[in-house]
Each structure stands twice: as C-alpha cells, then as structure tokens.
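If you want the building blocks of each chain, they are given just below.
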Number of protein chains: 2
Amino acid sequence: MHTLKGIDFLEKYGQFVKDRATIECEYASKLRRLVKSYQPKKKDEDDYQFTSCKAFKALMNEVNDLAGQHELVAEDLQANVIKELTALVKDLKEERKKQLQEGLRLSQSLQAQIEALQRAKKAYDKAYKEAEKAIEGFQKADADFNLSRAEVEKQRSNMSHKTQACDSAKNEYAQQLQRTNELQRQHFRSGLPEVFRQLQELDEKRIKNIKNFIKASVHIERNVFPIINKCLDGILKAADIINEKEDTMLVIEKYKSGFQPPEDFPFEDLSKSGGGSDSGSANNINNIAMSGKLKDGGYTVKGTITGKSMKKRTGLFHIFGSRG
Amino acid sequence: MHTLKGIDFLEKYGQFVKDRATIECEYASKLRRLVKSYQPKKKDEDDYQFTSCKAFKALMNEVNDLAGQHELVAEDLQANVIKELTALVKDLKEERKKQLQEGLRLSQSLQAQIEALQRAKKAYDKAYKEAEKAIEGFQKADADFNLSRAEVEKQRSNMSHKTQACDSAKNEYAQQLQRTNELQRQHFRSGLPEVFRQLQELDEKRIKNIKNFIKASVHIERNVFPIINKCLDGILKAADIINEKEDTMLVIEKYKSGFQPPEDFPFEDLSKSGGGSDSGSANNINNIAMSGKLKDGGYTVKGTITGKSMKKRTGLFHIFGSRG
C-alpha cells in the first residue's frame, strides 16, 4: 500500500533531520572543545594584558557563542520538527490501521455474500439436475404403457416435487444474486472508495506535513543567522582591539627598566686623594639626567669598573645569548 | 624575549585557524556522507516520480552544496590565512635571529672593550704602585748621607723611569677609558636601541598581521553566506514542489487500474439455452460504461461466479490483509 511506503518515507525524512541535528551538535561540540583547548593557561595569564591576547580571548568567546547557535539549531530541529514528525507518524500509522481494518471488514462481508451466492448457485445446479432427471423419469414412465398408474403418479409427484425444489433453489439463487450484486455495487461504489478516500486524506496530510517540516527546518537554520552574524561582527570588533603600538610599548616599558643606559666609567686618578673619581663624576651626573630616571636596583651615581657593579653591567648582555 | 613569545602566540593562533578549518572540513564531510546515505536506491527509483520524493532529492542536492561551502571555508582558510601565517612565522623567526645576533655582536664588542679597560686600569695600578715605591726609594737614598752619589743617581733614574711608566700607563688607561665610554654610549644610545627598534618593528608587523588574519578569517566565513542562503532558498523551493494532490492522484491512478469496479454477477438461468447469462449482460455493459475504461488483463464483459474469474475478483481483497 502506498500509505505505508509514504509513512516509511516520512520516517526516513525524520531520520534525515535527526542525523542533520546530530551533525550540528557534533559541530558545536567540536567548536566548544576547540575553544576550551585554546583557553589561556594560568601561567600565561600575564600575557593577556596584550591587546592581541585580549582579542584572541574575545574571539574565542564569539566562537563559543557560535557553537551555541548550532546547538540551538539542533535543539529546535528536535523540538519543532522531529518531535512533531514522530507524533504524526504514530497518528498516521494508527489511522491507516483503522482504515485497513475497515477495508478488510467490508471485503470479508462481500466475500461471505459471494460464498453464499456460490452455495445457492450450487444448490440451484443440483436441484435443476434433479428436476431434469425427475422430468425425464416421469416422461419415461408416462410413455411406458407397462407401468402401473401408481408408478406413473409416483414419477409425476417426484417431478412436481423436484421442479418445485428447483424453482425454490432458483429463487434462492436469484435472491442471493441480487443481494450479492447490491452489496458488490455498494462495496465498490461507496464502501471501498470511502476507505480509499480516507487513506488518501492521510496521504495528503502526510505530504503536506513533509512540506511544512522542510520549511520549518530551513527557518530554524535561518533563525540563527542574525546571531551568527553578530558573532562574526564580534570577532571583527575583537580584531579591532588589537593595537600593535600599545602592545609593543608594553614590552618596551617592561624591558626599559632593566636597560637603563649605564653611566660613563669614571676616571680613577690614583695621584688624587683616596683613589676617588674626578672628571667622571660630572659625566655620571649628566648621564643620569639624560636617561631620565633611576630605577630601584639600578646603577648608583658612582660606578667603578671593578667589583660587583661590573658584573651587573654585563648581565644585560645575556639577553642576546638565550634561545638564539 | 617577548618577540619569541609573540611568535609562539602567532603560531598558536595559526594552529587555532588550522583546527577551525579541520572542523569545517569534518562538518562538510559529514553532510556529504549524510546525503550519500539518503540517496534513493535503484529499487526505489520508481518512488521518485512523487513530488515529495523529488523535493527530498532536491533538498539533498542543496545540502550537498551547503557542504561544499563549508569545504570552501576550510580551503580559503588554508590558502589565505594558514599559508601566509606560516610564511610570516618563518620570516619573523629569521629576522629575529638576525637581530639577536647583531645584539650579541654589539654586546661582545663592548664587553671586549671593557676588558681592555680593566687590563689598562690594572697596568696603571701596578705602574702607580711601582712609581710610588721608586719615589720612596729615591727619597730614602737622597736622605741617606752614607750612600754614594752613584747609588742616589741610580734611585733617581729608577724613580724617573717608573714615574714615566706610570704616566704612560695612566695615559693608556685614560685612552681606554675614553674609548670604552664612547663605545658604551654608542651602544646604549644607538646600537642597542636600533636592535630593539628592529625587534619592535617585527613585533608590530606580527601583531598587525594577527589582526589582518582574524579579519580575513571572518571575511572567508562571511563570503559563503550568500551561497548558503541560496541553498536554503533552494530547500524552500524544493518544499514548494511538493503537491499533495498531485502525489495522491498518482497513487489513485496507479491503483485505479487494479480496482476497476467489477460488473454485476449475471443471472445464470439454467432453463435457458447453454447456461449463458441474460439480464447480467445488460448490467455488465452499463458497468463498463460507468467505470470509463477497460484495462488490459481486466475483466471481460462476461463474468461468471465460477472458475478463474472468481479467483481474480477475490484478489483485490488481499490488499487489506497484507502488512496490516
């Protein structure tokens, strides 16, 4: 029956939508996993003062929201299409079963009537043959002058009896024939057509609903477009946070503190009192003034090339040696 | 160094885009697999004359196109972002290495100059001590009236010699000091700042490019929107193909041929010649006229309730019995 194939098709379409929703779900969960795996680690939190890192974090939030929209598609497909479709399939199957049972009932009653007709015809056939035989027997007896009148009367009576029985059987057959033809006409002109009309209605309902489900699915997909667009706008906005001057200035500030230009080495004239510096002092003061500021732990005004301060100076050379 | 961390960050972002592209690819291939698994099988091809089946087929074509758009996103991310980003990372690493080497070279030459200064200072210290000792020796000899003139002259000559050596060492020290301070000033005022300026430029280039890559990625995602929209329009159009009346009419036409309402059973009056039908004939002709057409293999004008034709009639009852 087409209705069954039709319901199979509806179920197939439902499975298609389910599979589609699953794909959306998997896509979303992959996006979420992606975002999770790129979240800054505790130890890298310091880097997130840079605009590029801030932008990346904002971008990931938007991708997370994007994932949410695909989850929403899956949820809406489930709630607005798959659920309704499943209910419709159940209804259609029940309604179809009911109509098929009605069809079967009608057919069985017609079949029973036809069988009654067949029995009546058989009885008529049998009665007709017996009547013919009785007529023949009477005619034979009537023509045989050697037979007794009683015997002839017996044959006439038999003929009359069988002929009556045949008429009665013919009558019964005629009645059954009329009843059968009436039922058959009713069956094929209204009973069966009504069942088919109902099945056709179910089919129309099913097909109309497939159409609606397809359209609803598209609307569900389209509904998230504005938000997806907003997420993409959000990513563009995140990109616009990025300020290369600001980020590099941050690095410069960070390293500047360690890279205070050192003062000149002072001239240590041993012929002067105590081995102190002379001309150097003036230079040193100039130097400090030019570099603008003194950091804690930085250089003192008086530096010598000997001892600890020498080691401090060379410290900054190492930056070029590491991880070359 | 920040530039290295910065390049790491750029690479991390590149990996993020790669992973994102992979997710798009997987999503697309799942959509394609979905469509493939729902393609009509050869044996079901007959069903695809129904508008609902036609619509489903058209829908699947659109989903296939949709998959193509996500593949396009992945391809464009690869070609326009990941490839360029990889090249940029390589450039930045090379350029950074070059700058670090230049920084190291500058630092090493300053370091060497400082060591020369240290050696000159040490020599001056030594010469000064020796000169002081020689002066002391001469002064002692000069004050000792018991010493010969020759001995005093020897001490004077030694003092003069050591004093000259000290002056010379002081001179050398002063020169090395001047050279060192000049080099140090140059190192901290132009050499090192130039290296940092270059590194900063690299950093700015890197950051500016992250910004551009993020924006390019959004544009790539957005570029497919019009086509995805067209695909969804295509699905709506496919839904509009669906015509429930047309589909059910198709079923009716299909089944009508088998459900020709049968003619009345004829009355077989055995008393008439040859057991043929009489009143039935007229009815039969009427019946056929009403049903509109005669199908090949359908009922003949003359039906009887006996034999083969009876079996044919009952055939159509089975439709209600099957797969109820």
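- Going by an unreviewed UniProt entry, chain A carries the name F-BAR domain-containing protein and comes from Acanthoscelides obtectus.

### A look at the overall build of chain A
1) Next: Helix and strand content of chain A: eight helices and zero strands.
2) Next: Going from N to C terminus, chain A has its helices and strands arranged as α-α-α-α-α-α-α-α.
3) Next: When the 324 residues of chain A are sorted by exposure, 43% land in the buried category.
4) Next: Sequence-distant contacts in chain A: of pairs separated by 6 or more residues, those separated by 24 or more amount to 79%.
5) Next: For chain A, the exposed surface amounts to about 17,300 Å²; the carbon and sulfur share of it is 52%.

### Looking at the relation of the copies chain A and chain B
1) Next: Each copy superposes on the other: chain A lies on chain B with an RMSD of 0.7 Å after a rotation of 180° and an axial shift of 0.2 Å. Those values place the two copies in the arrangement expected of a two-fold rotation axis. If distances are taken from each C-alpha of chain A to the rotation axis, the shortest is found for Tyr 27 of chain A, at 3.2 Å.
2) Next: Counting the interface residues of chain A, we find that 100% of their copies in chain B are interface residues as well, pointing to one common contact surface.

### As for the interface of chain A and chain B
1) Next: Across the contact, 114 residues belong to chain A and 115 residues belong to chain B.
2) Next: Together, the buried faces of chain A and chain B total about 11,100 Å²; carbon and sulfur atoms form 68% of this surface.
3) Next: On inspection of chain A and its partner chain B, the count reaches 14 salt bridges.
4) Next: Where Glu 204 of chain A meets Lys 245 of chain B, a salt bridge forms, and the shortest distance between an N and an O atom there is 2.9 Å.
5) Next: Where chain A meets chain B, there are 41 residue pairs in polar contact (both at pLDDT 80 or more).
6) Next: Residue assignment for the side of chain A that touches chain B shows that the elements contributing at least two residues are helix 1 (2-37), helix 2 (51-143), helix 3 (149-223), helix 4 (225-241), helix 5 (244-256), helix 6 (279-291), helix 7 (308-315) and helix 8 (318-321) of chain A.
7) Next: Looking at the side of chain A that touches chain B element by element, the count peaks at 26 residues for helix 3 of chain A.

### Focus: the nonpolar core
1) Next: By size, the foremost hydrophobic cluster in this structure holds 110 residues, and its most contacted members are Tyr 13 and Phe 16 of chain A together with Tyr 13 and Phe 16 of chain B.
2) Next: Mapped by element, the contributors of at least two residues to this core are helix 1, helix 2, helix 3 and helix 4 of chain A together with helix 1 (2-37), helix 2 (51-143), helix 3 (149-223) and helix 4 (225-241) of chain B.
3) Next: Excluding its chain neighbours within four sequence positions, the residues that come into contact with Phe 16 of chain A are Leu 34, Tyr 38, Phe 56, Leu 59, Met 60 and Val 63 of chain B.

### Structural notes on the packing of aromatic side chains
1) Next: Applying the stated criterion across every chain, the model contains 20 aromatic pairs over all chains.
2) Next: Seen from their ring centres, Tyr 38 of chain A and Phe 56 of chain A are 6.3 Å apart, and the 85° between their planes marks the pair as edge-to-face. Here Tyr 38 of chain A, found in the loop between helix 1 and helix 2, pairs with Phe 56 of chain A, found in helix 2; they are 18 residues apart in sequence, far enough to count as distant.
3) Next: Plain terms: the ring middles of Tyr 173 of chain A and Phe 267 of chain B are 5.0 Å apart, the flat faces sit at 20° to each other, and that makes the pair stacked. Note that Tyr 173 of chain A is positioned in helix 3 and Phe 267 of chain B in the loop between helix 5 (244-256) and helix 6 (279-291), a pairing that runs across two chains.
4) Next: The exposure class assigned to Tyr 173 of chain A is buried, which follows from its relative accessible area of 0%.
5) Next: Residue class for Phe 267 of chain B comes out buried when judged on its relative accessible area of 13%.
6) Next: Following the ring pairs from residue to residue traces out a cluster consisting of Phe 9, Tyr 13 and Phe 16 of chain A together with Tyr 38 and Phe 56 of chain B.
7) Next: A cation over a ring is seen here: Lys 121 of chain A above Tyr 173 of chain A, with NZ or CZ 6.0 Å from the ring centre.

### A closer look at the packing of helix 4 of chain A against helix 4 of chain B
Relative placement of two packed helices is described by the angle separating their axes and the distance separating the axes.
1) Next: At a minimum axis separation of 13 Å, helix 4 of chain A and helix 4 of chain B run at an interaxial angle of 170°. Relative to helix 4 of chain B, the element helix 4 of chain A is oriented roughly antiparallel. Across from Phe 225, Ile 228, Asn 229 and Leu 232 of chain A in helix 4 of chain A, the residues of helix 4 of chain B making contact are Phe 225, Ile 228, Asn 229 and Leu 232 of chain B.

### Some thoughts on the confidence of the model for chain A
Residues and elements named next belong to chain A.
1) Next: Taken residue by residue, chain A gives an average pLDDT of 84. The fraction at 70 or more is 81%.
2) Next: The least confident element of chain A, judged by mean pLDDT, is helix 6 at 36; the most confident is helix 4 at 96.
3) Next: Below pLDDT 50 for its whole length, residues 275-304 participates in 50 contacts with residues either more than four positions away or in separate chains.
4) Next: Here residues 306-312 scores under 50 on pLDDT; set against residues more than four positions off or in separate chains, the count is nine contacts.
5) Next: Both scores are available for the predicted complex, with the pTM at 0.77 and the ipTM at 0.77.

### Quick notes on the pattern of salt bridges
1) Next: Summed over the entire model, instances satisfying the criterion amount to 40 salt bridges over all chains.
2) Next: Note that Lys 98 of chain B and Glu 95 of chain B form a salt bridge whose closest N and O atoms lie 3.8 Å from each other. You can see Lys 98 of chain B and its partner Glu 95 of chain B sitting in helix 2, three residues apart, about one turn around the helix.
3) Next: Assessed through its relative accessible area of 26%, Glu 95 of chain B is described here as partly exposed.
4) Next: Bridged by salt links that share partners, the residues Arg 20, Glu 24 and Glu 221 of chain A form one connected network.

### Observations concerning the UniProt feature "coiled-coil region" (unreviewed entry) in chain A
1) Next: When the UniProt feature table is mapped onto this chain numbering, "coiled-coil region" (unreviewed entry) sits at residues 82-141 of chain A.
2) Next: For residues 82-141 of chain A, the helix share is 100%, the strand share is 0%, and the end-to-end C-alpha distance is 87 Å.

What counts as what
Residues numbered from 1 in each chain as written. Chains lettered and ligands numbered in written order. Predicted model: local features only at pLDDT ≥ 70, side-chain atom pairs only at ≥ 80, totals over all residues. Heavy atoms only, no water. Helix = DSSP H or I, 4+ residues; strand = E, 2+ residues; numbered from the N terminus. Buried < 20%, exposed > 50% of the residue type's maximum accessible area, 1.4 Å probe, protein only. Contact = heavy atoms within 4.5 Å. Areas by Shrake-Rupley, 256 points an atom, 1.4 Å probe, with all protein chains shown as cover. Least-squares fit on C-alpha atoms with pLDDT ≥ 70 in both. Buried area = accessible area lost by both parts, 1.4 Å probe. Salt bridge = Lys/Arg side-chain N within 4 Å of Asp/Glu carboxyl O. Polar contact = N/O pair within 3.5 Å; in protein donor to acceptor, adjacent residues only side chain to side chain. Core = buried A, V, L, I, M, F, W, Y, C linked by side-chain atoms within 4.5 Å. Phe/Tyr/Trp six-rings, centres within 6.5 Å; stacked < 30°, edge-to-face > 60°. Lys NZ or Arg CZ within 6 Å of the ring centre and 35° of its normal. Axes fitted to C-alpha atoms, helices over the stretch in contact; angles between N-to-C directions. Parallel < 35°, antiparallel > 145°, perpendicular 65-115°, else oblique. pLDDT = per-residue confidence, 0-100. UniProt positions renumbered as here; feature names shortened; annotations may be inferred.

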